[in-house]
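# Commentary on secondary and tertiary structure
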Amino acid sequence: MARVDFYRLTRDPVERVLPAIATRILDAGDRLLIVAAPAMQRQAIDEALWTLTPASFLPHGAAGSPDEAIEPILIAGTLDTATPNRARLVALADGEWRDEALGFDRTFLLFDNSRIDDARATWRKLSAAADVETHFWKQDDRGRWSEGP
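Description of the structure in this document. (Residues numbered from 1 in each chain as written. Predicted model: local features only at pLDDT ≥ 70, side-chain atom pairs only at ≥ 80, totals over all residues. Heavy atoms only, no water.)

### What to know about the environment of Gln 43
Let me state the cut-off plainly: The numbering of helices and of strands both runs from the N terminus, where a helix is a DSSP run of H or I of at least 4 residues and a strand a run of E of at least 2. Here's how the labels work: a residue is buried when its accessible area is under 20% of the maximum for its type, exposed when over 50%, partly exposed in between, all with a 1.4 Å probe on protein chains only.
The residue Gln 43 is located in helix α2 (residues 39-51) in this model. Looking at Gln 43, the relative accessible area reads 46%, which means it is partly exposed. C-alpha of Gln 43 to C-alpha of Ile 75: the two residues are 32 residues apart in sequence and 9.2 Å apart in space.

Structure, rendered in structure tokens:
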């Protein structure tokens, strides 16, 4: 059963939230594919994975690079379920749902208020599917995440 976690970004941008999620994924020994269509967003995510905190470099690379197969975190502009780094987890960092994400074990859909209507429509669609487990996460004023509506 595929799991989709909806992360509504009301306080911090994706570049600040994604490194924390990626850290937990790497600590668990898993690999991650990050998808963002805009090149500028991919660049911002790349920089955040390098520099968010001085001791927090997360090993990563860009899809299409010579070392893509060995990177535990791969940043791509499109979603392909046959990931070169064999990731079973995907983060849709641009807030755009892609049905191909259901080919992964777990999907993180990160969206801000500009994509709230799209996220709600996706939530309704996926909640009605028998083979998808959905979770919704919201951030409080202090930056902590809790599950709930």
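Resuming the write-up.
### A look at the packing of aromatic side chains
Aromatic rings in a pair are described by how distant their centres are and how their planes are angled relative to each other. In plain terms, the rule: Paired rings are identified among Phe, Tyr and Trp, the last through its six-membered ring, by centres lying within 6.5 Å, and are further divided according to the angle between planes into stacked (under 30 degrees), edge-to-face (over 60) and tilted (the rest).
Counted by the stated rule, this structure contains six aromatic pairs. A centroid spacing of 5.0 Å and a plane angle of 75° characterise the contact between Phe 6 and Trp 123, whose relative ring orientation is edge-to-face. Of this pair, Phe 6 sits in strand β1 (residues 2-8) while Trp 123 sits in helix α3 (residues 116-127), and the two are 117 residues apart along the sequence. Taking relative accessible area as the criterion, Phe 6 reaches 1% and is therefore assigned buried. Of the residues examined, Trp 123 reaches a relative accessible area of 30% and is grouped as partly exposed. Ring centres of Trp 50 and Phe 57 lie 4.4 Å apart, and the angle between their planes is 45°; on these two criteria the pair is classed as tilted. Each member of the aromatic cluster is reached from another via a ring pair, and the members are Tyr 7, Phe 108, Trp 137 and Trp 145.

### Details of the nonpolar core
The nonpolar side chains of soluble globular proteins are, as a tendency, buried together. Definition in use: We define a nonpolar core as any set of buried Ala, Val, Leu, Ile, Met, Phe, Trp, Tyr and Cys residues linked to one another through side-chain atoms lying within 4.5 Å. Pairs of residues are marked as contacts when any of their non-hydrogen atoms sit within 4.5 Å.
Of all hydrophobic cores here, the largest spans 22 residues; its most connected members are Leu 18, Leu 32, Ile 34, Ile 45, Leu 49, Phe 108 and Leu 110. Secondary structure elements with two or more residues in this core: α1 (14-27), β2 (32-35), α2, β4 (73-76), β5 (89-92) and β6 (106-111). Among the elements that line this core, the one with the most residues is α1, at six residues. The contact partners of Ile 34, leaving out residues within four places of it in the chain, are Leu 18, Ile 45, Leu 49, Ile 73, Leu 74, Ile 75, Ala 76, Ala 91 and Ala 93. Membership of the second largest hydrophobic core comes to 20 residues, among which are Val 4, Val 90, Ala 101 and Ala 119.

### Some details on the environment of Pro 38
Within the secondary structure, Pro 38 is located in the loop between β2 and α2. With relative accessibility at 42%, the residue Pro 38 sits in the partly exposed group.

### Here's the deal with the pairing of β2
Where we set the bar: Being paired, for any two strands, means DSSP has found at least two bridges between them.
With burial as the criterion, each face of β2 is covered, one bearing Leu 32 and Ile 34 and the other bearing Leu 33 and Val 35. Of the strand pairs in this sheet, β2 and β4 are connected by four bridges, and their pairing is parallel. Bridge pairing in β4 places Ile 34 opposite Ile 75. Two strands pair when backbone bridges link them, and β2 and β5 are joined in this way by four bridges, in the parallel orientation. Considered in β5, the bridge of Ile 34 is made with Ala 91.

### Quick word on the sheet that holds β6
Backbone-to-backbone hydrogen bonds pair the strands of a sheet. The strands run either parallel or antiparallel. Worth spelling out the cut-off: Comment: axis = line fitted to C-alpha atoms, over the contacting stretch for helices; angle = value between 0 and 180 degrees taken between N-to-C directions.
Read from one edge of the open sheet, eight strands run β3-β4-β2-β5-β6-β1-β7-β8, paired in mixed fashion. In this open sheet, the two strands that pair with only one neighbour each are β3 (61-62) and β8 (145-147). Strand direction decides the pairing type here: β3 and β4, joined by two bridges, are parallel. Residue pairing in the sheet places Ala 62 in a bridge with Ile 75 of β4. α2 rests against β2 and β4 of the sheet, and its axis sits at about 160° to β4.

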